[in-house]
Amino acid sequence: PLLRQSVVVACAALETYIADEVSLRIADGLAKGAAPPARLAELKVTVGEWKLVEDKYSRRRRAFREHVLAPKIRELASTSPTRIGNLLSMLGVKDWTKRVDKLRKVGTGETVRELDELSLRRNRIAHRGDRRGYGRVSITEIQAARYVDLVRSVASALEVVMGSP
């Protein structure tokens, strides 16, 4: 059970890291006079969310970022390469997979393949108890460590790709 939990926790850590970093860095995309990246501009906001910020806060831009955008970003965060790409595109980051592959010194498309595999395994563990048929899929220390190392490696590369806040 602890090996499975290590996979789920590693994924949660990567999701949290990406969501926090995008939320922190998104202020640049909201600067006055600058057009936000397309993915950020397409984010849906309700009238209720807008009204909450308008009525309760004097520092509206900051309140909007912290109380409206950050929760939406956390909800979108995932270890899925598609979801990571969507969040990074809110910062205007392009071709992140090629850059991460290069920084990790792996072949083209390897990061996407590994993150897809990790996401599938995490979902199977978290939503189906890692069961296949009537039994559980085996997991070894080496497999669990490989997933944790993948998360560490991807997070380090993403730090470089996103640049300094």
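Residues numbered from 1 in each chain as written. Predicted model: local features only at pLDDT ≥ 70, side-chain atom pairs only at ≥ 80, totals over all residues. Heavy atoms only, no water.

1. Examining the packing of helix α7 (residues 110-128) against helix α8 (residues 141-162)
1) Next: Direction vectors running N to C along α7 and α8 enclose 130°, while the axes themselves pass 11 Å from each other. In this view, α7 runs oblique relative to α8, as classed from their interaxial angle. Here α7 and α8 pass one another in a crossing that is left-handed. On the side of α7, the interface is formed by Thr111, Glu114, Leu115, Glu117, Leu118 and Arg121, while α8 contributes Arg146, Tyr147, Leu150, Val151 and Val154. (Axes fitted to C-alpha atoms, helices over the stretch in contact; angles between N-to-C directions. Helix = DSSP H or I, 4+ residues; strand = E, 2+ residues; numbered from the N terminus. Parallel < 35°, antiparallel > 145°, perpendicular 65-115°, else oblique. Left-handed = near helix turned anticlockwise from the far one by under 90°. Contact = heavy atoms within 4.5 Å.)

2. A few points about the pattern of salt bridges
1) Next: Inspection of every chain in the model, using the stated rule, returns eleven salt bridges.
2) Next: Across the salt bridge formed by Lys72 and Glu49, the nearest N and O atoms sit 3.1 Å from each other. A residue pair is termed long-range when its members are at least 10 positions apart, and Lys72 in helix α4 (residues 60-76) and Glu49 in helix α3 (residues 47-56) qualify at 23 residues.
3) Next: Residue classification places Glu49 among the partly exposed positions, given a relative accessible area of 22%.
4) Next: Glu117 is paired through a salt bridge with Arg146; the nearest N and O atoms lie 2.4 Å apart. In this pair, Glu117 sits in helix α7 while Arg146 sits in helix α8, placing the two residues 29 residues apart along the sequence.
5) Next: Taking the relative accessible area as the measure of exposure, Arg146 reaches 41% and is therefore partly exposed.
6) Next: Among the charged side chains, a network of salt bridges with common partners joins Glu110, Arg113, Glu117 and Arg146. (Salt bridge = Lys/Arg side-chain N within 4 Å of Asp/Glu carboxyl O. Buried < 20%, exposed > 50% of the residue type's maximum accessible area, 1.4 Å probe, protein only.)

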